[in-house]
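# Secondary and tertiary structure notes
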Amino acid sequence: MSSLFSNSITLRKEQKISDEEFVQLRDFIYQQCGIYIAENRKYLVENRLSNRLKELNLKSFGEYYYFLRYDANKRTELNRLFEVVTTNETSFYRNPPQLQIFQEHVLKTTLNELRAKGQKRLRIWSAGCSTGEEPYTMAIILHEVLKTELASWDIKITANDLSEAVLASARRGVYSDYALRTTPKEIIDRYFIKEGTQFKVDPKLKQMVNFGQINLSDRMGLKRVERSHIVFCRNVIIYFDDEMKKQVIGSFYDNLLQGGFLLIGHSESLHNITRAFKPEHHTGAIIYRKLE
């Protein structure tokens, strides 16, 4: 998912936010999407939102708060707010050690267990897909693993994010070489169509992925997601407070089918959040399995 703020921001000085305005906006953002902004990041709120004030011709952050609460265009502006307070740093084949474990253990185990039951229906959820690199990477790996057998499977990857802007980019499926910086050349040659300096995702990958907006703080919205065999939510929960982490991880647990796998970011942990999952330690990553 879109991760919270980038530290590499040049501070603008045109607009100052008061302590009261910061608390109003911080609490509003938390209520809307569960992202918690610590006091020491006040300047980032000021920096990121100053352009919104200019565009809306507002004189203060307090006016902006009331715009978000009461203006007729508040829904549209809320989407802009989500875009502004999140940063999307991702790439294809991000964190290769974890993806290797996904391919050689998680996927192999899941496919074999489904085959043993006479089932060929697989559901994967990318709960924080950003501009699409993660779910498209999964689609590539599925093609690589199943090869000609793929046609006999019913596979769907559900890909969600908070920001409509990044979802629009994901649906387009057009990327620069920077997004492919960790992708093996043979994979690029097989699954991308080069158009000038851009790389277009092969339509057969797009067919496997359904993109849609979701707010991880919306419990009812999460319940509507089709139940999954595998859930990816990498580099997202690190930006939540403990209460929100427990809520979101609980929703993933409820979504997963028995025996399902949860993969989170390599710097994230479920320690002190839940004991509902069984952790499996592998070289380069910990994965979590729902056994009950």
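Keep in mind it's a predicted model, so treat the numbers as computed, not measured.

## Some points on the confidence of the model for the protein chain
With 93% of its residues at a pLDDT of at least 70, the protein chain reaches an overall mean of 85. Note that residues 3–13 has pLDDT below 50 and, in this model, 36 contacts with residues that lie over four places away or in other chains.

## Some remarks on the nonpolar core
Core analysis: the largest hydrophobic core is formed by 46 residues, its most contacted members being Leu-81, Leu-216, Phe-252, Leu-262 and Leu-270. Grouped together as the second largest cluster of nonpolar side chains are 45 residues, Leu-107, Ala-139, Val-201 and Ile-287 included.

## Side note on the pairing of strand S11 (residues 278–282)
The pairing of S11 with strand S12 (residues 285–289) spans five bridges and is antiparallel. Along S12, the bridge assignment pairs Glu-280 with Ile-287. Between S11 and S12, which pair antiparallel in sequence order, lie two residues; one of them, Gly-284, sits at a positive phi of approximately 95°.

## Quick notes on the pattern of salt bridges
A side chain with one charge can pair with a side chain of the opposite charge if their charged atoms come near. All told, the structure shown has 14 salt bridges when counted by the stated rule. Its salt-bridge partner being Lys-16, residue Glu-46 comes within 3.9 Å of it at the nearest N-O pair. Pair noted here: Glu-46 is in helix H2 (residues 42–56) and Lys-16 is in the loop between strand S1 (3–4) and helix H1 (19–33), with a separation of 30 residues, a long-range link. Of the charged contacts, one joins Arg-234 and Glu-134 as a salt bridge, the two residues approaching to 2.8 Å between their closest N and O atoms. One end of the pair, Arg-234, is in the loop between strand S9 (228–233) and helix H11 (242–255); the other, Glu-134, is in helix H6 (residues 133–146), and 100 residues separate them in sequence. Owing to a relative accessible area of 7%, Glu-134 belongs among the buried residues under this scheme. Through salt bridges that share partners, Arg-121, Arg-123, Asp-154, Lys-156 and Glu-226 make up one connected network.

Criteria and thresholds
Residues numbered from 1 in each chain as written. Predicted model: local features only at pLDDT ≥ 70, side-chain atom pairs only at ≥ 80, totals over all residues. Heavy atoms only, no water. pLDDT = per-residue confidence, 0-100. Contact = heavy atoms within 4.5 Å. Core = buried A, V, L, I, M, F, W, Y, C linked by side-chain atoms within 4.5 Å. Buried < 20%, exposed > 50% of the residue type's maximum accessible area, 1.4 Å probe, protein only. Pairing = 2+ DSSP bridges. Helix = DSSP H or I, 4+ residues; strand = E, 2+ residues; numbered from the N terminus. Salt bridge = Lys/Arg side-chain N within 4 Å of Asp/Glu carboxyl O.

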